[in-house]
Amino acid sequence: MMLRGQVLNRSVRKNTQIRMKSSGFIRSSFIDYFVNKHGHKNIKSSSVVSLCDRTVPFVNAGMNQFKGIFLGLANAPCPRVVNSQKCVRVGGKHNDLDLVGTDGHHHTFFEMLGNWSFNNYYKKEACQMAWDLLLGPYRMKPESLLVTYFSGDAVIGLQEDKECRDIWKKIGVPQNRLKGHGARDNFWEMGPSGPCGPCTEIHYIHPDGSLTEIWNLVFIQCNREVDGSVTALRHHHVDTGLGLERLAAVLQGVPSNYDTDLFRPLIKTIEKSAKVPVYEGRFGEGAELDTSYRRLADHARLLAICLADGALPSTNLNVKQIMRRSFKLSTDVFKNQNLVNILYDEVVSTLGDTYPELIAKEREAKLIIEQEKENYTKLRADLAKKWKNLAKRYPEVEALSDIEISGFALGYEEFKETMTKINSKVIPGDLVFKMYDTHGFQEDVIERIAKLNNMEIDKKEFWKLLTNHKLRHKTAFKEQTSKNGIKFDKAVEKLAESGIRHTNDLPKYDFMYSDNKVTFRPLKTKLVGILNEDGEWLDFSEPCENRPYYLVTESTNFYCEEGGQAADDGVVRIRENIGFNVHSVFKIRGIIFHKGEFSLKSADNMYVSIGLDVSMAINREKRLSTMRNHTGVHLLNAAVRKVLPDSVISQTGSSVTDRGLSLSLSIYGEKLSPRAVEDAQELISSSISANVPILSRTLSTTELSGEADILTVPGEVYPETGLRMVSCPQPLASKELCCGTHVPSTGELQSLLVTSVRAMGSRSPTIYALTGSAAMQARELFCRVQKLAEVIELAEPSRVDEEVASIRHQLKDLCGSSGTPAGDYHRSLQLMDHLKKAAANRNDAALLDIARTEIDEACSEAQRSGRRFTVHFLRCSYLMRSDAARSVLAGRGSADPHNSWGPVMLIGCAGGVVIATAKVPQELVTSSFTADKWLSCILPIFEATVLPPTEQFSTLTHAEMSATKVSLINCEQMVQDAMRVAIKYAQAHLKDDERKTDIRHN
């Protein structure tokens, strides 16, 4: 535990007895001392992004990358190790964000120097090495050091660590500089359970008597069991940690970490670039400006390190939050919105030699910072408008004016309205989750809102909902949250009692490849668990068909839903006459459950029991298609990066089934375009043609540190052991950590076709694609469209319609409906639209001639019958499109075919839409008989209106009814009613020529 006094007056804390030492000297001396004098191996710092530990958002201690060794999950790379580890303490249990800048020693990013012994040397050597380094290369005085050790703890049943105490005495530490403390201060634990042990700490005594812990030596000799008891470990380890920033402050004789050469260059840069007074190093009341200096300097270091390690604001909320805080400080306090980019250069100057990734990723980091700055500027402008209205309704939000979340106004309004309705002082978990998930409120923001409104938070329910949300898509989660969830847990415990703690699923990677054909041999193993549909354990059962069961086997070759890849299906053969059809596979706490139904061939020997030998055969076609698609995701990921070389790209997710694949990305810089998608597809085609091998290699976390340029998915938690690295050589190089199954070579893909892209041109696109036979079928359909285009003039319009409809249906079934069609698929859909329109136009032209003939015949018949007008329903309109039918009724586009036949009203019905026109020759127009008045008599029947007049026609002589949708069931009766009304109106109002009143000029 760190013992730390307050930062006092600068003159009080200055120590002239210790000469200045640069941080570079301190770091290199530490590593050189353990490498050259004590045979340690210098291990490169791991990334601050935690790959294998879901308990922490970032690597927050030097031991994180060796946690698997302490847990017995991985082998040590060598018995003695030393390194300087990059550490971040933001989010999770260890969160120093709010303390940064308020004192001189809390940081979001810091370096931890450490040495480790993996079952090699122990307490005596560790203590002596530490003491010799401090008094030797670092020239510290023994009288300025105080040592603490573990004095025992009755609660956990451990005695005083007399061995450690006596070692220090023998080294020469006097009694008055050697203090014993209990478990709270001197017993280190990795977590609620796991390796733990006593520790001894070395503190520096400042002239004013305050203490700074500079080195913690942990002796891992115990294990905390799940029940809370502490037992001894067979192997003993040493894990030490020395904070570089703290030791630099001591050795450089400065009052705080911010006065060391790790921070002063950053603060000087801010001074030069800002329009505010210089840094004075003050703390406490009235030190707001100096606090801002320290915060910005600290945050600049963290952002540079995180961006260089691939923790991007688009995929990491903690990084986004700190970046926005930094922009706010730069803009509001220091009046220079470009400070974050400027400070990156200074971080490179101070840390670039030690962590060369800062230099290698400089261009990408600055691109991200610039784009996020633009987004932040837009966000603030949008928020300013919403904030005024929110403050009018809820004046208390002025206390939260520093919060900058795009959905804050809407989220806060919903919070207030919901809490008013339920009239409670406890914010329910579902509302907390909605504020977090829907509106983007961080946990600390929700805490502040609760405090401001004098409320409590139902954290237990919130965490339950959050956990469920993260696992909602997994079959295992759905099964566990069913009524059988507890019974699955009991089944896992029962298997553990019999010595089965996990299912061996390594056979899922096995296949035979011969004569360019992939085959999968059935796996012979033992049945170790049977559960019925209610999740009840069965030692023996007479199975029933058509009822679900769950089988557990000693080993399995079935892939369970994992890493974005869908599960296998297939058959478990138990006896000659008993099969088990598997349709779902999932994992719970290391045990793989196969869900399905029994298939019975005969009534002989109808039982199954634990211990029987079984044969497991997966569905070959489904697995092979899934393997093609998973390899396709890797190639697509590599291809997009290659066609957008100046962009920063991060995978945010993927989905792999036997029917297709999808890849979700976060992109900074040049966005994904249709041209880039097609270029990426061409690169993949080249790799498929080259038929290069897909290689898989198993690594441990310690071996992983020696590999460069491995792609991982941000936020994905990987196992400590059995990490699989899947790689593909040129012409399209790819290297990713992946637990999925893959084809042996790129040629097995046969083809890859990008079908659609969701959010093309945005920062978060998703690409959908097909491989194998599905891609080939889609391309065959594209060819059919091209062939159809070549013979369009010769084909019957109805035949064209049928062919287009058939191709569209098949393509939709293959390509799905997600995203916007892209590439060849997009072009084929456009061509089919053109072909369908062309066929319709040809069809309309033929029908137009038929319609004109029908109208002529109707008018001739009326004339022969002695009627002076014609009212006719156009029968062929049923075959026409509504716009074509309207055109022929109105007589547009050609000489009017019914202009010489006297008054004419025509009604048509096309596609369930009724249309009508009325025409009255000018010489027959009277005050009571005009085209619009005649047409108006039928409007109530269809609930329609007369369209406004046009420049070409007056409604006196030409009127059109608005198109009206009607039921085909009622259409015939409505048309008959309309014709009857129209005939009566014409009979009553159409006068002889000698009695008409000419109103053509009225």
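Refer to the structure above for everything that follows.
These notes cover the structure that comes with them. (Residues numbered from 1 in each chain as written. Predicted model: local features only at pLDDT ≥ 70, side-chain atom pairs only at ≥ 80, totals over all residues. Heavy atoms only, no water.)

## Quick notes on the pairing of strand β8 (residues 211–224)
Then comes step 1: Summarising burial for β8: 14 of the 14 residues are buried, a large majority.
Then comes step 2: One ladder, built from ten bridges, connects strand β7 (residues 194–205) with β8; its direction is antiparallel. Counterpart to Glu-201 in the pairing with β8 is Asn-216.
Then comes step 3: Two successive antiparallel strands, β7 and β8, enclose a turn made up of five residues, where Gly-209 displays a positive phi of approximately 95°.
Then comes step 4: Taken together, the eight bridges between β8 and strand β9 (residues 230–243) define a ladder with antiparallel strand orientation. The partner of Leu-217 across the bridge, within β9, is Thr-240. (Buried < 20%, exposed > 50% of the residue type's maximum accessible area, 1.4 Å probe, protein only. Helix = DSSP H or I, 4+ residues; strand = E, 2+ residues; numbered from the N terminus. Pairing = 2+ DSSP bridges.)

## Digging into the packing of helix α10 (residues 317–333) against helix α13 (residues 362–393)
Then comes step 1: Put simply, α10 and α13 touch, their axes get as near as 10 Å, and they point 70° apart. With respect to α13, the axis of α10 lies roughly perpendicular. For the pair α10 and α13, contact is made by Lys-320, Met-323, Arg-324, Phe-327, Lys-328, Thr-331 and Asp-332 and by Ile-369, Glu-372, Lys-373, Tyr-376, Leu-379 and Arg-380, respectively.
Then comes step 2: Grouping the amino acids of the contact of α10 with α13 by side-chain chemistry returns five nonpolar, one polar and seven charged. (Axes fitted to C-alpha atoms, helices over the stretch in contact; angles between N-to-C directions. Parallel < 35°, antiparallel > 145°, perpendicular 65-115°, else oblique. Contact = heavy atoms within 4.5 Å. Nonpolar A, V, L, I, M, F, W, Y, C, P; charged D, E, K, R; others polar.)

## Some words on the packing of aromatic side chains
Then comes step 1: Applying the stated criterion across every chain, the model contains 33 aromatic pairs.
Then comes step 2: Within the aromatic cluster, the residues linked to one another by ring pairs are Trp-387, Tyr-394, Phe-408, Tyr-412, Phe-415 and Phe-441.
Then comes step 3: Between the NZ or CZ atom of Arg-294 and the centre of the ring of Phe-283, over which it lies, the distance is 3.8 Å.
Then comes step 4: The ring of Tyr-607 carries Arg-575 above its face, with NZ or CZ at 4.1 Å from the centroid. (Phe/Tyr/Trp six-rings, centres within 6.5 Å; stacked < 30°, edge-to-face > 60°. Lys NZ or Arg CZ within 6 Å of the ring centre and 35° of its normal.)

## A short note on the environment of Pro-949
Then comes step 1: Locating Pro-949 in the fold gives a position in the loop between α28 (939–942) and β33 (958–960).
Then comes step 2: Relative accessible area serves as the criterion here: at 57%, Pro-949 is assigned to the exposed category.
Then comes step 3: Considered as a pair, Pro-949 and Ala-959 are ten residues apart in the sequence and their alpha carbons are 7.5 Å apart.

## With respect to helix α24 (residues 797–815)
Then comes step 1: Taking 1.5 Å of rise per residue, 19 residues should cover 27 Å, and α24 covers 26 Å from first to last C-alpha, within 8% of that figure.
Then comes step 2: Listed as buried for α24 are Pro-797, Val-800, Glu-803, Val-804, Ile-807, Leu-811, Leu-814 and Cys-815. The buried residues of α24 occupy an angular sector of 120° when projected down its axis, which confines them to one face. In α24, the exposed positions angled more than 90 degrees off the buried face are occupied by His-809 and Lys-812. (Expected span 1.5 Å × (residues − 1). Arc of directions from axis to C-beta.)

## With respect to the environment of Val-677
Then comes step 1: Inspection of the secondary structure assignment puts Val-677 in helix α21 (residues 674–690).
Then comes step 2: On the basis of relative accessibility, which here comes to 6%, the residue Val-677 falls in the buried class.
Then comes step 3: The spacing of Val-677 and Ala-639 is 38 residues in sequence and 8.9 Å in space, taken between C-alpha atoms.

## Brief notes about helix α29 (residues 968–989)
Then comes step 1: Compared with an ideal rise of 1.5 Å per residue, which puts 22 residues at 32 Å, α29 spans 32 Å between its outermost C-alpha atoms and is within 8% of the ideal.
Then comes step 2: For α29, the full list of buried residues reads Cys-971, Met-974, Val-975, Ala-978, Ala-982, Tyr-985 and Ala-986. Projected onto a plane normal to the axis of α29, the buried residues spread over an arc of 110° and lie on a single side. Looking at α29, the residues exposed on the side facing more than 90 degrees away from the buried face are Ile-969, Glu-972, Lys-984 and Gln-987.
Then comes step 3: The secondary structure elements touched by the buried residues of α29 are β30 (870–873), β31 (904–910), β32 (913–919), α27 (931–936) and α28.

## A word on the sheet that holds strand β26 (residues 734–737)
Then comes step 1: The strand order across the open sheet formed by three strands is β24-β25-β26, and the pairing between neighbours is antiparallel. For this open sheet the edge positions go to β24 (695–699) and β26, each flanked by a neighbour on one side alone. The sheet shows a mean angle of 20° between the axes of neighbouring strands, taken without regard to direction.
Then comes step 2: Alignment of strand β25 (residues 723–728) against β26, held across four bridges, turns out to be antiparallel.

## Description of the packing of helix α14 (residues 408–422) against helix α15 (residues 429–437)
Then comes step 1: Running from N to C, α14 and α15 cross one another at 170°; their axes reach a closest spacing of 11 Å. Regarding the angle of α14 to α15, the classification is roughly antiparallel. In this structure, α14 uses Glu-414, Phe-415, Thr-418 and Met-419 to contact α15, whose residues at the interface are Leu-431, Lys-434 and Met-435.
Then comes step 2: Partitioning the contact of α14 with α15 into residue classes produces four nonpolar, one polar and two charged.

## Quick word on the sheet that holds strand β18 (residues 578–588)
Then comes step 1: Spatially, six strands are ordered β14-β16-β19-β18-β17-β21 in a closed barrel, and the strand pairing comes out antiparallel. Direction aside, the axes of adjacent strands within the sheet are offset by 45° on average.
Then comes step 2: Relative to strand β19 (residues 591–600), strand β16 (residues 548–553) runs antiparallel, the two sharing four bridges. Counterpart to Pro-548 in the pairing with β19 is Glu-597.

## What to know about the pairing of strand β4 (residues 145–150)
Then comes step 1: Extensive coverage of β4 is indicated by the burial of six of its six residues.
Then comes step 2: Neither face of β4 is open: one carries Leu-145, Val-147 and Tyr-149, the other Leu-146, Thr-148 and Phe-150, and all of them are buried.
Then comes step 3: Strand direction decides the pairing type here: β4 and β7, joined by four bridges, are antiparallel. What sits directly across from Thr-148, in β7, is Glu-201.
Then comes step 4: Pairing of β4 with strand β5 (residues 178–181) involves four bridges; the strand directions are parallel. Considered in β5, the bridge of Thr-148 is made with Lys-179.
Then comes step 5: As for the winding sense of the linkage, the β-α-β connection from β4 through helix α5 (residues 162–171) to β5 is right-handed. (Right-handed = clockwise from strand over helix to strand, strands pointing away.)

## Focus: the nonpolar core
One broad rule of soluble globular proteins: the nonpolar side chains tend to lie buried together.
Then comes step 1: Membership of the largest hydrophobic core comes to 89 residues, with the highest contact counts inside it found for Phe-30, Met-140, Trp-168, Ile-202, Ile-214, Trp-215 and Leu-358.
Then comes step 2: Top contributing element to this core by residue count: helix α9 (residues 288–308), with eleven residues.
Then comes step 3: If we skip the residues at most four places from it in the chain, Ile-202 touches Ala-130, Leu-134, Leu-145, Leu-146, Val-147, Trp-168, Thr-212, Glu-213, Ile-214, Trp-215 and Leu-217.
Then comes step 4: Core analysis: the next-biggest nonpolar cluster, separate from the first, contains 60 residues, Val-608, Leu-635, Ile-684 and Ala-822 among them. (Core = buried A, V, L, I, M, F, W, Y, C linked by side-chain atoms within 4.5 Å.)

## Overview of unusual backbone geometry
Then comes step 1: For the peptide bond that leads from Gln-730 to Pro-731, omega is 20°, which places it in the cis range.
Then comes step 2: With respect to the helices, strands and loops of the structure, Pro-731 is situated in the loop between β25 and β26.
Then comes step 3: With a phi angle near 60°, Asn-516 is a residue other than glycine that sits in the positive phi range.
Then comes step 4: On the secondary structure map, Asn-516 appears in the loop between β12 (512–514) and β13 (517–519).
Then comes step 5: On the accessibility criterion, Asn-516 (61% relative accessible area) is exposed.
Then comes step 6: In this structure, Gln-750 is a non-glycine residue whose phi angle is positive, near 70°.
Then comes step 7: Along the chain, Gln-750 falls in the loop between β26 and β27 (752–758).

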